[in-house]
Amino acid sequence: MESSERESGAAVAAGNPAGAPVAVEQRPWSVALGFGRLPGWRGELLILAGLLLAACALSWPLVASLGSAAGVRGDYYNNLWNAWWLEHCVSEGVSPYWTDHLY
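Fair warning: this is a prediction, and the values are worked out from it, not measured in the lab. (Residues numbered from 1 in each chain as written. Predicted model: local features only at pLDDT ≥ 70, side-chain atom pairs only at ≥ 80, totals over all residues. Heavy atoms only, no water.)

(A) Structural context of the overall build of the protein chain. Scanning the protein chain from terminus to terminus reveals four helices and zero strands. Secondary structure elements of the protein chain occur, N-terminal to C-terminal, as α-α-α-α. Across the 103 residues that make up the protein chain, the buried fraction comes to 5%. As displayed, the protein chain offers around 9500 Å² of accessible surface, 64% of which is attributable to carbon and sulfur atoms. (Helix = DSSP H or I, 4+ residues; strand = E, 2+ residues; numbered from the N terminus. Buried < 20%, exposed > 50% of the residue type's maximum accessible area, 1.4 Å probe, protein only. Areas by Shrake-Rupley, 256 points an atom, 1.4 Å probe, with all protein chains shown as cover.)

Below you can see the structure in the form of C-alpha cells.
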C-alpha cells in the first residue's frame, strides 16, 4: 500500500494527476561478447578454444585414434564374428538372436 501511495504522490508532485501513468525511462539491453580484457571476437575465440579443449579432454581415447580405422580400437574381431554370424543365420534360416557358440 505504501509503494502505491509513494508513486501517486510522485505523480502528483511531477504535475500528473493521481492515477495517471508515469513514464519510466528504460534502457536498451546490450550484450557484451567475449571477456572484458579481450572484447569482441577475440574473446569469443578464446571461449571456443576452451570448449574445444574441454571436449578433447572428455573424449580423449577417441581423439587419440581419430586417424585410424574403427576396428583397430578393439572391436575388430567382435564385428568380424557378428558379420559371419548374421550371414550364417540368413543362409541357414535360423534366428540371429540366439546362439550356442558363445561361452
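(B) Broad picture of the packing of aromatic side chains. The final tally for this structure, using the stated rule, is three aromatic pairs. Ring geometry for W81 against W84: centres 6.2 Å apart, planes inclined by 50°, an arrangement best described as tilted. Placement of both W81 and W84 in helix 4 (residues 76-92) is noted, with a separation of three residues, approximately one turn of the helix. Given a relative accessible area of 26%, W81 falls into the partly exposed group. On the basis of an interplanar angle of 45° and a centroid distance of 5.9 Å, the ring pair of W84 and W85 is categorised as tilted. (Phe/Tyr/Trp six-rings, centres within 6.5 Å; stacked < 30°, edge-to-face > 60°.)

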